[in-house]
Every structure is written in structure tokens, then in C-alpha cells.
Amino acid sequence: MISMGGRRQKAVDDEERTLIVPPSSSGGDLPDQDASATGFIYVLAFFSALGGFLFGYDTGVVSGAMLLLKEEMNLSTLWQELLVSSTVGAAALSALSGGFLNGWLGRRVCILLASFIFAVGGVILSAAPDKAVLLVGRVTVGLGIGIASMTVPVYIAEVSPPNRRGQLVTINSLFITGGQFIASVIDGVFSYMGRGGWRYMLGLSVLPAVLQFVGFLFLPESPRWLLAKGRSQEARRALSRIRGDRGVDEEYAAIRTSVEKEKKGAGGGGLVISRILSHGPTRRALIVGCSLQMFQQLAGINTVMYYSATILQMAGVRDVKQAIWLTAATSATNFVFTLVGVWLVERVGRRKLTLGSLMGTGLSLTLLAVGFLLAAQHSPPTTLHPVDAQNSTCRLYRSCEFCMLDPDCGFCYREDDSRVYNSSCVPVNQASTDNAAWGRCSNQTEATASPMWAYNYCPTSYSWVVIMGLILYLAFFAPGMGTMPWTVNSEIYPLWARSTGNAWSAGVNWIFNVLVSLTFLHVARYLTYYGAFFMYTGLVAVGLLFVQGCLPETKGLPLEDVENLFAGRLCSCGSSSATRDVHYVRVNGRGSHPSDSDASDAE
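Residues numbered from 1 in each chain as written. Predicted model: local features only at pLDDT ≥ 70, side-chain atom pairs only at ≥ 80, totals over all residues. Heavy atoms only, no water.

Topic: the state of the cysteines
Heads up, the condition is: Counting rule for disulfides: a pair of cysteine sulfur atoms within 2.5 Å. Strands here are runs of E lasting at least two residues and helices are runs of H or I lasting at least four, both read from the DSSP assignment and numbered beginning at the N terminus. Think of it in three bands: with a 1.4 Å probe and only protein chains considered, a residue is buried below 20% of the maximum accessible area for its type, exposed above 50%, and partly exposed in between.
This structure, assessed with the given rule, holds two disulfides. One disulfide bridge connects Cys394 with Cys409, the sulfur atoms lying 2.0 Å from each other. Judged by the torsion about the S-S bond (-90°), the Cys394/Cys409 disulfide is left-handed. With Cys394 in the loop between α17 (350-377) and α18 (400-405) and Cys409 in strand β1 (residues 409-416), this residue pair connects regions lying 15 residues apart in the sequence. Here Cys394 and Cys409 have matching classes, each one buried.

Notes on the pattern of salt bridges
Short version of the rule: Should a side-chain nitrogen of Lys or Arg be within 4 Å of a carboxyl oxygen of Asp or Glu, the pair is scored as a salt bridge.
If you walk through the whole model with that rule in mind, you get eight salt bridges. Of the charged contacts, one joins Arg165 and Glu491 as a salt bridge, the two residues approaching to 3.1 Å between their closest N and O atoms. Taken together, the residues Arg165 in helix α6 (residues 165-190) and Glu491 in the loop between α21 (484-489) and α22 (495-527) connect sequence positions 326 residues apart. Across the pair, Glu491 and Arg165 agree in class, each one buried. For Glu491, the salt bridge identified is with Arg350, shortest N-O distance 2.4 Å. Here Glu491, found in the loop between α21 and α22, pairs with Arg350, found in helix α17; they are 141 residues apart in sequence, far enough to count as distant. By relative accessible area, Arg350 is classed as buried at 0%. Residues joined by salt bridges that share partners form a network here, namely Arg165, Glu346, Arg350 and Glu491.

Topic: the environment of Trp225
Heads up, the rule is: In this analysis, two residues are considered to be in contact whenever any of their non-hydrogen atoms come within 4.5 Å of each other.
As for its placement among the helices and strands, Trp225 is situated in helix α9 (residues 223-228). The class for Trp225 is buried, based on a relative accessible area of 6%. For the pair Trp225 and Asn102, spaced 123 residues apart in sequence, the C-alpha to C-alpha distance is 9.0 Å. Those residues in contact with Trp225, other than ones at most four positions away along the chain, are Asn102, Gly103, Trp104, Leu105, Gly106, Arg107, Glu158 and Arg231.

As for the nonpolar core
Our working definition: Residue types Ala, Val, Leu, Ile, Met, Phe, Trp, Tyr and Cys, when buried and joined through side-chain atoms within 4.5 Å, form a set referred to as a nonpolar core.
Grouped together as the largest cluster of nonpolar side chains are 66 residues, with contacts concentrated most on Leu134, Trp198, Met201 and Trp510. At the level of elements, α2 (35-72), α3 (77-105), α4 (107-127), α5 (131-159), α6, α7 (197-203), α8 (206-216) and α22 are the ones that each hand at least two residues to this core. With 17 residues, α2 is the largest single contributor of residues to this core.

Examining a nonpolar patch on the surface
We apply this condition: The patches reported here contain residues having more than 30% relative accessible area and no salt bridge. Joining distances are 9 Å for like charges and 5 Å for nonpolar side chains (Val, Leu, Ile, Met, Phe, Trp, Tyr). To measure how exposed things are, a 1.4 Å probe is used in the Shrake-Rupley method; for residues, cover is taken only from the protein chains shown.
Nonpolar side chains collect at one region of the surface, where Phe116, Val120, Val210, Phe213, Val214, Leu217 and Phe218 lie side by side and expose about 620 Å² of accessible area between them. Those elements giving two or more residues to the nonpolar patch turn out to be α4 and α8. Mapped onto the elements of the fold, Val120 is located in helix α4. Residue Val120 is classed as partly exposed on the basis of its relative accessible area of 33%.

Remarks on unusual backbone geometry
Although it is not a glycine, Thr528 adopts a positive phi angle of roughly 70°. Here Thr528 falls in the buried class, since its relative accessible area comes to 9%.

Re the packing of aromatic side chains
Put simply, the rule reads: Two rings from Phe, Tyr or Trp (for Trp, the six-membered ring) form a pair when their centres sit within 6.5 Å of each other. Planes less than 30 degrees apart are called stacked, planes more than 60 degrees apart edge-to-face, and all others tilted. By definition, being over a ring means that NZ of Lys or CZ of Arg is both within 6 Å of the ring centre and within 35 degrees of the ring normal.
A complete count under the given rule lists 17 aromatic pairs for this structure. Judged by centre distance (5.2 Å) and plane angle (85°), the ring pair of Phe46 and Phe47 falls under edge-to-face. Residue class for Phe47 comes out buried when judged on its relative accessible area of 17%. Three or more aromatic residues link up through ring pairs in this structure, and these residues are Phe372, Phe520, Tyr529, Phe533 and Tyr536. Cation over ring: Arg236 sits above Tyr252, and NZ or CZ is 5.1 Å from the ring centre. Over the ring of Trp496 we find Arg275; its NZ or CZ atom is 3.8 Å from the centre of that ring.

Looking at the pairing of β1
Under the convention used in this document: Only strands joined by at least two bridges in the DSSP assignment are considered to pair.
In this sheet, strand β2 (residues 419-427) lies alongside β1 in antiparallel orientation, the contact comprising seven bridges. Pairing of Cys409 across the sheet is with Pro427, part of β2. Two elements, β1 and strand β3 (residues 452-454), share three bridges in a ladder whose sense is antiparallel. Across the sheet, the residue bridging to Cys412 is Trp453, located in β3.

Notes on the sheet that holds β2
Applied cut-off: Orientation is described by lines fitted to C-alpha atoms, with helices fitted over the stretch in contact, and by angles between N-to-C directions that extend from 0 to 180 degrees.
Taken together, the three strands give an open sheet; going across it, the order is β2-β1-β3, and neighbouring strands pair in antiparallel fashion. Where the open sheet ends on each side, the last strands, each with one partner, are β2 and β3. Strand-to-strand twist in this sheet, taken as the mean axis angle between neighbours without regard to direction, amounts to 30°.

Here it is, written out as C-alpha cells:
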């Protein structure tokens, strides 16, 4: 095991790393990089992050499209959850296989493959004649999302200079939230088309997919992957193209030395995951990476993003178009505060940004839960019980709160000066039209009562609390937990384990994404909405404790240096030692390492 004290191996290693990141008094670009090389790095980041944009668009567009689909195709609760979760389920499978594909085909080819799959999926979705074909299309785009989600951060991290790596990798997360924002705007625009508007919503993802595919035909492969495959001349040409013609000798030599050391230490080979689990530092890195991805999902982010329009309706926003446009406002919040994350990541660091994000997320989820709790406590009672619903459970519900939680029931009421009366809970035939449901509602009240029909919501004056909770949730979540799991995972693995480590952590992300998205509507039905959000608050508290004890700081370190952070037992992750906080000291003004006292204790 490598020592983690202030004695940093050998003086020659320190000198090698200094060659990779030469000291700069201005703190700006590397002195040997010309402006054209810096510009080319951003071109690489842009075309790579289009995969993140597609990731965000295809996961975000379903929120508004679902409001139209469930009416046009008479979707049950199960089918709604299937259309959402099938995408993330397919993404989980393809992310796990993406590690093998990345090692075999390379980062560039995998991104080309992902963009091709995105385009095919978009065509299927736009032309789907029924819900079965729609499900096939959602599975197809999920396969593309899984490959892109674990490949893009790795590619960007491997081609970025250390002093810009965190910012450039976070651009991918910015594009994810940008894709979700654009999707919500597209949802709002095409919601006015009525029937068939969802086809445009789901099909427009073809355009950025084609753009990314064409762009990557002309972009280089990762030099680190090429060196790992023994293609040294191609690796040098790729690095020269990325960095410019000057100053690549030292970086090339350092990367080649690192690759050769890893090959010598590979032993008899075998499955990469077996090597990871048997190697202490990499095993601890994998546990931290997978746990970050798990807590990102358990914090409920995709409950908010996939079901935001539904949540807003449940909170009392009655008009479908208004709910869709409010979803666009929440997505805009997510996008803007991801920009804040891009700005903060190299200033504050990964660890502090993640801890602050989790604390704010927990408080925002509490506010969301309180908003739904207030609405439930002031839920209008049912005062009339339909005579034609003797065999329906709807007549048993004594308030709108419980009526709303049953997808087979709707709330019929009259409202005057914010006072609800002449209300009843009536059955909804999934095969009937809205007019038929409205007719049943009218029959249960006085002929002159002008009844209102509420399906999926209750009349309440507390909608503003839920809307504020949603906005604050995204404002706190986006800069830290929205971006850092992807950024940290792109950095913490050695080259030989990078593809597999990112594949497994991305797979964990998508598995828990499936778990949350497939169960939210049922959890909300059995725990109530405020109960569901209180549950997410508790899970965020557990995540906060984990990050406090187990996440080291990687800011400013070359990729070849980051593995050393996990060489000491920084926490109980993957070891028998007691959990304790991680402490850092500045090293050469470039980054952070665990302090000497921690290292000596660990040894």
C-alpha cells in the first residue's frame, strides 16, 4: 500500500507531477497551452456533453408528455411508471455493459454508438402507434443514456488538463440539466397541440443525437486509452492535437509511465472487477463512487424531474398547461444552479460542495413534505356519497386527500369564495372519456351547482409551499449532488479500473433510479405524499453522514495522483476501522491530501 504522509513517495515522482501541472502564478491556463488548444478542449467538451443533453432531454421530456399520454392512451398508474422506469432500467443494463465496451472499443466509439441509439429511439417514439411500441422506444433511448452517462464523464476527464478537469466534467451535468430545461419548454409549446403533441416532444431528441454523431466523426480518441492499448503513436498525435503542439512531451511521458506501472502491477489479469475488489484503495474508491450515485437517487431527484408536472398537479395546480409551464420554471432553476456548480467546483472543491448541497436538499425536502402535510390536514371533506357507486371504494373516502390517492377515483365539488361544498368522491372508468366523468360528477350535485371535476389534485391554498419547496430543492441539489457524483467518479479510479469503476457506479445510479421512479406513485399512495418526502429527507440525512466520513477532496490533482487519496483508511468504507472524518492539508499549493496524522494512523 502506498504511504499517504507528507513524504510523497520520492522526489522524482513529485517532479513528474509538477511537469504535468506546471506552477502558474496567474492560476490560469497552462503556460505551454496556446489559445487554440484551450478552445479545442471546449469543443471536445461541448460535443461530448451533447450526450448529457440527450440524457437530460429524454429523461425530462416524459414529465410533460405523460400528462398527454395518460389521457390519449388511457394509461394506468402501472403503465405510467413503466414508461418512466423502462428507460432508466435499460440505462442501468447498458451502463453496466458500458465498462466492457469502453475498454474494448474506446471512449470515442462508445459515444458514437450512444448517439446512434439515441437517434433510433427518437424515431421509434415519434412514430409509436400504441403504448407497447412507445415502451420499446423508451427502452431504446435508455440503452443510449446508459452508455453515454458513464462514457462522457470519463472521456472529458481523460482529455482535460488537471486545473480545468472539474469544471469541464461538470459541463456534462450542466448539459443534462439544460436538456431537462429544454425538454420542459418543448413540453409547454407542444401541449397546445392537444392530441399528438407528445410525438414532437419525444421525437425531437433525434436532432442533437445526429449533431453529436457527426461531430465525433472528426474528434480524437482519449490518449490514455490509446496508450493502454499500446497504440503509442496515435496517443501522442491525439495528445498533441488536444494540447497543441507545445509542451506535450512531459505529460505524454508521465501518462505512459503510469500506464506501464499499471500493466506491471496487473499480475495474472482476470476480471477487472475482481482486481478492483481485491485492491484496497480502488475498492474503497468504488464504494465511495457507487454510494454517491446511490444517494443522488435516494434524495429523490428523479421523482422531482420525472413527475414534477404530476407533483404540481397533486399540490393543487389545476390546469395541465399551467403545470407543464411551472415544470419548465423548476427545470430552469435546476439549469441555472448547475451553472453555479460549474463556477464553484474548482473554487470550493468537491467535498464541501457536496456536503452543503446535501444539507440544503434535506431542508428543502422537509419543506416539500410540510407543504403536502398542510394540504392534507386542510383537505376538503366529502359531503355527498353517490348512490350509483355502492360497489366502488370511492364512496368510502371521507376527504379529497384519500380520494386523490386512488387512481380509480376523482373528486367532484363546487367552490364558492374558496369554500368547497357539495363534494363527493366518484369512480373514474379508465375506458371512459373526460366528458363521461364530468357527467357523473354533474349528476351528484345540484343542477345549478356548476360542479368542478378534480382528478389527481385537491383544491388547496398551500400550492405555493410545494412550489417553493421544489425550487429550493433544485437550487440546493443541482450544484452539488446533481453534479459531483459524476465528477468524482470520473476522477477517483486508476486508468485500469476507470471504465469498469464508472460503469458500476453508473449502473448503481440507474438501478436506484429505477427503484425510485418505479415506486414513487405507489409509495405516495401508501405513505401519502408528505410521508414519501419525509422518507427522502431521512435518506438524505444518511447520505450526509456518509459523505462527511468517506469523501476525500480531489480538486486540482492529476488523475495519476488521485488514487493515493484512498491508499490510507480514510473511513470504514471497505475496511474494519471506525468511521471518522477526512482531514486534508495543502500540498504544493495544487491540491489536498489526507494529513500526516491520518496517514500514520491508517498505516
